[in-house]
Amino acid sequence: MTKLSQQALERHLWGAADILRGTVDAADYKQYVFGLLFYKRLCDVWEEEYEALLAETGDRLEAADPDEHRFHIPPEHRWEAVRQQSTLIGQRLNNALNAIEDANLRLRGVFGDVDFANQDRFSDALLEKLLAHFEKHRLRNADVPADMLGDAYLYLIKMFAEGAGKKGGEFYTPRSIVRLMVEIVEPRPGMSIYDPTCGSGGMLLEAVQYLKDRGENARSLSLYGQEKNFATWGIAEINLFLHDVDDAFIAKGDTILSPKRYDPKAREFTEGVGAYDRCWPTRPSRRRCGATRSGRKATRSGATNMDARPRAMATLPSSSTCSPASRMGACWRWWCRMVCCSVAGPRGASGRPCWPQT
């Protein structure tokens, strides 16, 4: 099978979005494209691993052993099993995604609330067309390396963010800004990195890429984050897995009202503020304080001149633009969280800032 170029892969994946356009709301259909992309990748890689193990051992049972695979895909829920169905395809897809989450603790919730079973939205004919499009190309590691597929996924996130307008800033920060922020804080091998509003996970991945570009051990990083929006949390988890990053831990929930830290011994998140070598405090919008850059109140719709700025560049309101009550609110609690979560204070042990100063 002919290998795809990066541009051809991006066009192929964006073609899936074109199939759904007009059928599913623009704000929602990214979830379905991301979900199917990840499902196809999981199934193709499982087959690749199975064939390699079978060639090595000659034992079909051993080659199919869940312990021998990165992720377990139940036989009745693999891609080829779903493709044998010509009716109620959406329900079969739902069953497959749920079964994969149940079979893999690390994938719990990753597909979010995607629902292909609504036949008013997803007819069998539409899903047949969509699945046929996805299987034009294999997504095995040998065909599409992790970095290549991960970059294509980032391309999709960027395209969906551009289509979403101002709302796109909720899950995407331009890569040039992300790269600049990472270069400012200079992560080093062995460090713990924390993004309290991680969105689609771009800043954590850029820290990994930063070390790779320097020829350093990126796998020695400990990556943590938290994301309030459940759908965006799923996008981040898929983003990390597609980049072959398995050991990042992203909590679900509001970082200000309910901060969480990962307990490696219990292997779960607990309430509380952790301590990290580097933090990326993507600050809350000034709308939390009801003020704009010039001190004017936000419009009734909530739109201000800050909304067009990248998510990562929002600045803290001055004392002249917020009431005392507001200053004691979310914006100021945010900075308390950031100071607490930094191992050596705002400038770290090396004297470099633990976060970008904007």
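Quick caveat: nothing in here was measured; it's all calculated off a predicted structure.

## With respect to the sheet that holds strand β3 (residues 248–252)
Read across the open sheet, the 4 strands follow the order β3-β2-β1-β6; overall the sheet is parallel. Each of the sheet's edge strands pairs with one partner strand only, and the pair in question is β3 and β6 (278–279). The pairing of strand β2 (residues 222–227) with β3 spans 5 bridges and is classified as parallel. When the bridges of β3 are listed, Q226 appears paired with A251. In the packing of helix α10 (residues 230–242) onto the sheet, the strands contacted are β2 and β3, and the crossing angle to β3 comes to about 175°.

## Focus on the pairing of β2
Of all 6 residues making up β2, 5 are buried, and the element is well covered by its neighbours. Inspection of the sheet shows strand β1 (residues 192–195) paired to β2 by 4 bridges, in the parallel sense. Paired with I193 across the two strands is L223, which belongs to β2. Crossover handedness for the path β1 to helix α9 (residues 202–213) to β2: right-handed. Read from β2 through α10 to β3, the crossover connection turns out right-handed.

Rules of the game
- Residues numbered from 1 in each chain as written.
- Predicted model: local features only at pLDDT ≥ 70, side-chain atom pairs only at ≥ 80, totals over all residues.
- Heavy atoms only, no water.
- Pairing = 2+ DSSP bridges.
- Helix = DSSP H or I, 4+ residues; strand = E, 2+ residues; numbered from the N terminus.
- Contact = heavy atoms within 4.5 Å.
- Axes fitted to C-alpha atoms, helices over the stretch in contact; angles between N-to-C directions.
- Buried < 20%, exposed > 50% of the residue type's maximum accessible area, 1.4 Å probe, protein only.
- Right-handed = clockwise from strand over helix to strand, strands pointing away.

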